Amino acid sequence: MNLKYRRLKGTRDLLLEEIERWHWCEGRWREVLARYGYGEIRTPIIEPAGLFMRSVGDGTDIVEKEMYSFESRGGESLCLRPENTASVVRAYLENGLTRQPGTLKFYYMGPMFRHDRPQAGRYRQFHQVGVEAIGSASPVLDAEVIQTAMALFEAVDAQGLTVLVNCIGCPSCKPAYVAGLKKFLEENLERIPPAFRGRIGTNPLRLYDAKDDEVLALLAEHPPITSALCPACREHHAEVLGTLDDLGVPFVEDPSLVRGLDYYGRTTFEITAVSGRKQSSLAGGGRYDGLVAQCGGPQTPAVGFSIGIERTLLHLADEPIDPQRSRQTQVDVYVACLDEPSQRYGLVACDLLRGLCSVEVDTTGRSVKAQAKSANLRRAKILLTVGKDEIAAGTLQLKNLETGDQVPVARDRLLATVREVLEG
RNA sequence: GUGGAUGUAGCUCAGUUGGCAGAGCCCCUGGUUGUGGUCCAGGUGGUCGUGGGUUCGAAUCCCAUCAUCCACCCCA
């Protein structure tokens, strides 16, 4: 069809069987997150653009070319959030939570926006479920956070995942390493394809992200960051890995795992799908001990992650659903009405049923046959039929669609009878 | 930003060398005066993505454009 309006590139409509899948996942996740001590936080989708430029980093791809930024009527520079960590930190400070004792643990679920070229598992409006644990510098918390991410995957039966872990240092050891790496790369500039050279000046560490063989071969000749960590980072990293062992969370150390956001320090991790070429990175996270202070708050350590919901669902082996049935919403009781007076009688008579189950009163005026057909399509267990005769007698015809039995039921017996059929 | 594939009925797709626009599913009606899931008969539904060109004639060939999907880059 040649439609007048179409959805924007990289956005999707979620409905019918797909939204049911989302609800199922979201329910499981909320349960798990509560068990790990997280409370929900919902922050605005629009924020000041500066929040992300400073926290995520203005040399990153996200800020450089993927932000949906625009000017408000008042001339303020705004943007649709490309991620949620910075917003949570902003909210943490803005709501005066810095003096709260203990670790504050928030989870979020919601849409993020990045102006990328869409492809399988990548959308311009996509959704993440994530957590932020603010207020503890302990490596044990890092491990718990990683375990939390895995628990979320397990809750929706996601299989075949690998946890990649790395430590990218802190302000006392990272700068020296980065400077050394930069020097090394500049000395070997001719071995680096032009497409990657730009990153050397802005963030040399991100060369490790490249999948290019020449780049990787060159980097193999340079010591990894894990060999240049200061004693404190070294110990922190060992504690994280040791705690993961204690918890029985399998992981793979990956010294090339640097993440695309500036605020990460020390622990970084990623959870990837082993099989399939699609977008294999399902989740990413790490520690960001400097971010709260950078946003104007007191020096406060924190760690978190986010999971891509679309990618997770894509990764789940989804059993095919009947394409026709999946286009109708399930209902328990379907009320077929012969004419408009019957519709009115049916609607009123069935009002009480809604306290017990779901009810659809058909007001299309189609043939009873067509209405009964819809009842079947909607997977109804009971078909109630109303016409002149039922109105006169003060009854409804009640048909059990599983057995095919049909009996007239008096209006005042309707609720009890429907309950019997549904429970029996 | 770069590369590849695909656009035909609500859905999934055929369409030969350029010669009347097709199938299956769905939907509607009837078979069954007021009853589904099976069956039978009939029916509705199309600017062939859009614009231009070649041609007696274009879904088909050419050009442009838009959209979708996939991949790169990067990331969730």
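What counts, and at which threshold
- Residues numbered from 1 in each chain as written.
- Chains lettered and ligands numbered in written order.
- Predicted model: local features only at pLDDT ≥ 70, side-chain atom pairs only at ≥ 80, totals over all residues.
- Heavy atoms only, no water.
- Helix = DSSP H or I, 4+ residues; strand = E, 2+ residues; numbered from the N terminus.
- Buried < 20%, exposed > 50% of the residue type's maximum accessible area, 1.4 Å probe, protein only.
- Pairing = 2+ DSSP bridges.
- Axes fitted to C-alpha atoms, helices over the stretch in contact; angles between N-to-C directions.
- Parallel < 35°, antiparallel > 145°, perpendicular 65-115°, else oblique.
- Left-handed = near helix turned anticlockwise from the far one by under 90°.
- Contact = heavy atoms within 4.5 Å.
- Nonpolar A, V, L, I, M, F, W, Y, C, P; charged D, E, K, R; others polar.
- Expected span 1.5 Å × (residues − 1).
- Arc of directions from axis to C-beta.
- Domains from an automatic or database assignment.

S.K.: I'm lost on unusual backbone geometry in this one. Help?
M.R.: Where the residue is not glycine, phi is negative for most of them; where a peptide bond is considered, it is trans in most cases. For L16, which is not glycine, the phi torsion reads 50° and is therefore positive. Its place among the elements puts L16 in helix α1 (residues 16-35). Residue L16 is classed as partly exposed on the basis of its relative accessible area of 26%. For D157, which is not glycine, the phi torsion reads 60° and is therefore positive. Position of D157 among the secondary structure elements: in the loop between α5 (139-155) and β7 (161-167).

S.K.: Explain the pairing of strand β5 (residues 104-113) to me, please; I cannot follow it from the model alone.
M.R.: The side chains of a regular strand alternate, residue by residue, between the two faces of the sheet. In terms of residue burial, β5 counts as a mostly covered element, since 10 of its 10 residues are buried. Note: strand β1 (residues 39-40) against β5, 2 bridges, orientation parallel. Within the sheet, the bridge partner assigned to E40 lies in β5 and is Y107. Bridge count between β5 and strand β6 (residues 125-134): 10 bridges; the pairing is antiparallel. What sits directly across from P111, in β6, is H127.

S.K.: Sorry if this is basic, but what is going on with the packing of α5 against helix α9 (residues 231-247) here?
M.R.: Packed helix pairs are specified by the crossing angle of their axes together with the interaxial distance, meaning the distance between the axes. Where α5 meets α9, the axes come as close as 8 Å, and the angle between the chain directions of the two elements is 45°. Judged on the interaxial angle alone, α9 and α5 are oblique. For the element pair α5 and α9, the recorded crossing hand is right-handed. Across the interface between the two elements, P139, V140, D142, A143, I146 and Q147 of α5 pack against H236, E239, V240, T243, L244 and L247 of α9. Its residues assigned to classes, the contact of α5 with α9 shows 7 nonpolar, 3 polar and 2 charged.

S.K.: Just to check I follow, could you spell out α9 for this structure?
M.R.: Over its 17 residues, α9 extends 24 Å from the first C-alpha to the last, a length consistent with the 24 Å expected when each residue adds 1.5 Å. Every buried residue belonging to α9 is among C233, H236, H237, V240, L241, T243 and L244, and all of these are buried. End-on, the buried residues of α9 take up no more than an arc of 160°, which puts them together on one face. Residues of α9 that are exposed and point over 90 degrees away from its buried face: P231, E235, D245 and D246. Tucked into the core, α9 has its buried residues touching α5, β7, β8 (252-253), β9 (267-273) and β10 (281-287). After α9 finishes, the residue G248 shows a positive phi value of roughly 75°.

S.K.: Could you clarify how one ought to interpret the domain arrangement of chain A in this entry?
M.R.: Interface extent is often summarised as the accessible area lost during association of the parts. Each assigned domain of chain A is listed with its residue range as follows: domain 1 (16-172 + 230-316), domain 2 (174-228) and domain 3 (328-423). For domain 1 versus domain 3, the separation of C-alpha centres amounts to 49 Å.

S.K.: Explanation requested: the packing of α1 against α5 in the structure shown.
M.R.: At a minimum axis separation of 9 Å, α1 and α5 run at an interaxial angle of 140°. Every pair of crossing elements has a handedness; the one defined by α1 and α5 is right-handed. From α1, W24, R28, W29, V32 and L33 reach across to α5, where they touch T148, A151, L152 and A155. For the contact of α1 with α5, the per-class residue count stands at 7 nonpolar, 1 polar and 1 charged.

S.K.: When you look at the sheet that holds strand β3 (residues 68-71) in this model, what are you seeing that I'm missing?
M.R.: Whenever strands of a sheet pair, they do so through backbone hydrogen bonds, lying parallel or antiparallel. Read from one edge of the open sheet, 3 strands run β2-β4-β3, paired in antiparallel fashion. Lying at the two open borders of the sheet, with one neighbouring strand each, are β2 (46-48) and β3. Averaged over all pairs of adjacent strands, the angle between their axes in this sheet comes to 35°, without regard to strand direction. Relative to strand β4 (residues 77-80), β2 runs antiparallel, the two sharing 3 bridges. The residue of β4 that forms the bridge with I46 is L80.

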